Amino acid sequence: MAAITTERGGRLMRKRFGKGASFAGGDMTPMIDMTFQLIAFFMVVINFAEADQSERIRLPDSELAKPPDSPPDFAITLQLTRDNMVIFGGEEFPIRGLPRKLLVEKQVMIETSKERTVSDATIIIRADADAQAGKVQEVIKICQDTGFEKFHLRAKQKAAEKQKG
Amino acid sequence: MKVRHVQRHGEEKIELQMTPMIDIVFLMLIFFIMTFKIASPEGDFSIKMPRHAPSEGLPDDSQLPPITVRMRADSEGRLKSIWMGQRGLGNSFDALRSEVRALIGDDRGPGSFADTAEVELDCDYQLKYEYVMRAITAISGYIDPDTGRVITVIEKIKFAPPRGE
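Our subject in this report is the structure included herewith. Small disclaimer: the values here were computed from a predicted structure and weren't measured.

Let's shift gears to the overall build of chain B. The number of helices and strands found in chain B is four helices and 10 strands. Nonlocal contacts in chain B, meaning residues at least 24 apart in sequence, comprise 55% of its contacts between residues at least 6 apart. Accessible surface, chain B as shown: approximately 10500 Å² in total, 53% of it carbon and sulfur.

Laid out in structure tokens, this is it:
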């Protein structure tokens, strides 16, 4: 980053006021350098795609779960809390409210692209580790009944442990 | 506010005001700090589960029946036992992994048993999802201790119809 020099080229700028009084102003350059570096850092690490990740969900761990090679063409993220509530589109509702929401989503998907079919969409399921398996299966079944076929079960990546062969 | 310095030769020099820039920069910094969230890396298990139409009738003879993995839970949702077919494996996921590997063998080529085999997970309703994810991890592969690479064992995993609550 280019250093901003003071008018007189010094690191400390001394301004002279009338009647011989003087004021020593600090050089702002290091502070601005540091601030820009901090901004650059935060801009790099920020990820707006994580906006649909509720902090209430404690994902199960898996050492084999890997990020998809390419992001799905059309993804719907359904989150299931340990209280068996579904979080979708910023709303929280019981599982019985899911079919209506999915139908709306399916309609939106079809209307936005005529070439896309329901089977092209991917349902990403972020279920809490303490959620009941039966509830997760219920969510999957509702999605299947709506016509969705592809599912991604999301897990938190964990460093590999030594496995017994 | 512009500060004008009249230089000796009568030229007028406009000094750049840093205050608005620093204001904006600090606002940006505060925004990024407030929205910053340390996100742990996440990965997916991809499963394809189309809904079977009733008109499909009997499955093709050439298609092998899926390997059934039954997971029983106690009343609190903790894993009680794992069964692969009629064989009890206690509640060890390492035993499940070893059993699946022994069954599939080392042939990983196209058309091999590993390529066509399918596992059906049949879980008790109240079983915690964490155990389902651990079972999926054990079935889908392992990490080679020598190379550290993920070796896929079975890719096709599906769920049996949900059991009653």
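The subject of this paragraph is helix 3 (residues 133–146) of chain A. Because each turn of an α-helix spans 3.6 residues, side chains separated by three or four positions in sequence point in the same direction. All names here are of chain A. Here helix 3 is 14 residues long and its end C-alpha atoms lie 20 Å apart, about the 20 Å a rise of 1.5 Å per residue gives. Counting buried positions along helix 3 gives 11 out of 14 residues, so the element sits mostly inside the fold. One or two positions beyond helix 3, positive phi appears at G147, with a value near 115°.

Let's shift gears to the interface of chain A and chain B. Facing 58 residues of chain A, the contacting portion of chain B comprises 55 residues. Across the chain A/chain B interface, buried area totals approximately 5200 Å², and carbon plus sulfur atoms make up 62% of it. The largest contributions to the chain A side of the interface with chain B come from A:L64, A:Q137 and A:L153, which together make up 14% of the buried area. Linking chain A to chain B there are four salt bridges. Between B:K128 and A:D130 there is a salt bridge; the shortest N-O distance is 3.9 Å.

Another aspect to go through is the pattern of salt bridges. According to the stated counting rule, one finds 19 salt bridges over all chains in the structure shown. The shortest N-O distance in the salt bridge between B:D124 and B:R70 comes to 2.9 Å. Residue B:D124 is located in the loop between strand 7 (118–123) and helix 4 (129–140), and its partner B:R70 is located in strand 4 (residues 67–73); the two are separated by 54 residues in the primary sequence. In this pair, the class of B:D124 matches that of B:R70, namely buried. Salt bridges sharing common partners tie together A:R58, A:R82, A:D130 and B:K128.

Calculation criteria
- Residues numbered from 1 in each chain as written.
- Chains lettered and ligands numbered in written order.
- Predicted model: local features only at pLDDT ≥ 70, side-chain atom pairs only at ≥ 80, totals over all residues.
- Heavy atoms only, no water.
- Helix = DSSP H or I, 4+ residues; strand = E, 2+ residues; numbered from the N terminus.
- Contact = heavy atoms within 4.5 Å.
- Areas by Shrake-Rupley, 256 points an atom, 1.4 Å probe, with all protein chains shown as cover.
- Expected span 1.5 Å × (residues − 1).
- Buried < 20%, exposed > 50% of the residue type's maximum accessible area, 1.4 Å probe, protein only.
- Buried area = accessible area lost by both parts, 1.4 Å probe.
- Salt bridge = Lys/Arg side-chain N within 4 Å of Asp/Glu carboxyl O.

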